[in-house]
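# Structural overview
So the chains spell out like this:
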Amino acid sequence: MTLVVRKSDLDPDAITERLGLQPSAVRMPGIDRWNPQGETDGQWRFQCDERTTRNFSEQLDVVLRASETCAQVLAMLSAEGCNVSLSIGGFADNDSQISFSAHEMVRISRLGIPLILTPNLNER
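Read on for a plain summary of the structure. Keep in mind that what you see is a predicted model, and the values were worked out from it rather than measured.

Moving on, we come to the packing of helix H2 (residues 56-69) against helix H4 (residues 102-111). The description of two helices packed together rests on the angle between their axes and the distance between the axes. Two elements in contact, H2 and H4, have axes whose closest approach is 11 Å; the angle formed by their N-to-C orientations is 30 degrees. Relative to H4, the element H2 lies roughly parallel. In terms of crossing hand, the pair formed by H2 and H4 is left-handed. The residues of H4 that touch H2, namely those facing Ser57, Leu60, Asp61, Leu64, Arg65, Ser67 and Glu68, are Glu104, Arg107, Ile108 and Leu111. Split into classes, the residues belonging to the contact of H2 with H4 amount to four nonpolar, two polar and five charged.

As structure tokens, then:
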């Protein structure tokens, strides 16, 4: 589960200062040497994954709590042209499921930013 801020001219340090959160990862704008054909936008990410907890609801809670503390700044960043989203990615097989409680969905919708699900469907 990740809070992501993207923009073609993103200054990750400025985003860190405005949000008051330490990012899990940042990427400066420009061509990625590992994926030259990929995205060139700068990225700022706040992530909670299985290294913190294997429980999805706990991962979601960590990212939502952080996002809720800076919701007004996230709205301003979005209005300034940043692409702000919550992103969930991971391996999905035939029986994969992801569940959100009604309370979790309310929290996500109150943020007013998109929720993006990106399953990895490669066979393992």
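Looking now at the nonpolar core. Counting 26 residues, the largest nonpolar core has Leu3, Val5, Leu19, Trp44, Val84 and Leu86 as the members making the most contacts within it. Not counting residues up to four positions away in its chain, the partners in contact with Leu3 are Trp44, Arg45, Phe46, Val63, Ser67, Leu74, Val84, Ser85, Leu86 and Ile113.

Where helix H1 (residues 12-19) meets helix H3 (residues 71-79), the closest approach of the two axes is 9 Å, and the angle between their N-to-C directions is 145 degrees. Listed contacts from H3 to Ile15, Arg18 and Leu19 of H1 are Val73, Leu74, Met76 and Leu77. Residue composition of the contact of H1 with H3, grouped by class: six nonpolar, no polar and one charged.

All right, on to the side chain of Thr53 then. Mapped onto the elements of the fold, Thr53 is located in the loop between strand E3 (42-47) and H2. For Thr53, a relative accessible area of 14% puts it in the buried group. There is a polar contact of 3.2 Å between the side chain of Thr53 and the backbone nitrogen of Asn55. When near neighbours in sequence (up to four residues on either side) are disregarded, Thr53 contacts Cys48, Glu58 and Gln59.

With that settled, consider the packing of aromatic side chains. A complete count under the given rule lists one aromatic pair for this structure. Ring geometry for Phe56 and Phe100: centres 5.6 Å apart, planes at 80 degrees, overall edge-to-face. With Phe56 in helix H2 and Phe100 in the loop between strand E4 (83-91) and H4, this residue pair connects regions lying 44 residues apart in the sequence. Residue Phe100 is classed as partly exposed on the basis of its relative accessible area, which comes to 23%.

What counts, and where the lines are drawn
Residues numbered from 1 in each chain as written. Predicted model: local features only at pLDDT ≥ 70, side-chain atom pairs only at ≥ 80, totals over all residues. Heavy atoms only, no water. Axes fitted to C-alpha atoms, helices over the stretch in contact; angles between N-to-C directions. Helix = DSSP H or I, 4+ residues; strand = E, 2+ residues; numbered from the N terminus. Parallel < 35°, antiparallel > 145°, perpendicular 65-115°, else oblique. Left-handed = near helix turned anticlockwise from the far one by under 90°. Contact = heavy atoms within 4.5 Å. Nonpolar A, V, L, I, M, F, W, Y, C, P; charged D, E, K, R; others polar. Core = buried A, V, L, I, M, F, W, Y, C linked by side-chain atoms within 4.5 Å. Buried < 20%, exposed > 50% of the residue type's maximum accessible area, 1.4 Å probe, protein only. Polar contact = N/O pair within 3.5 Å; in protein donor to acceptor, adjacent residues only side chain to side chain. Phe/Tyr/Trp six-rings, centres within 6.5 Å; stacked < 30°, edge-to-face > 60°.

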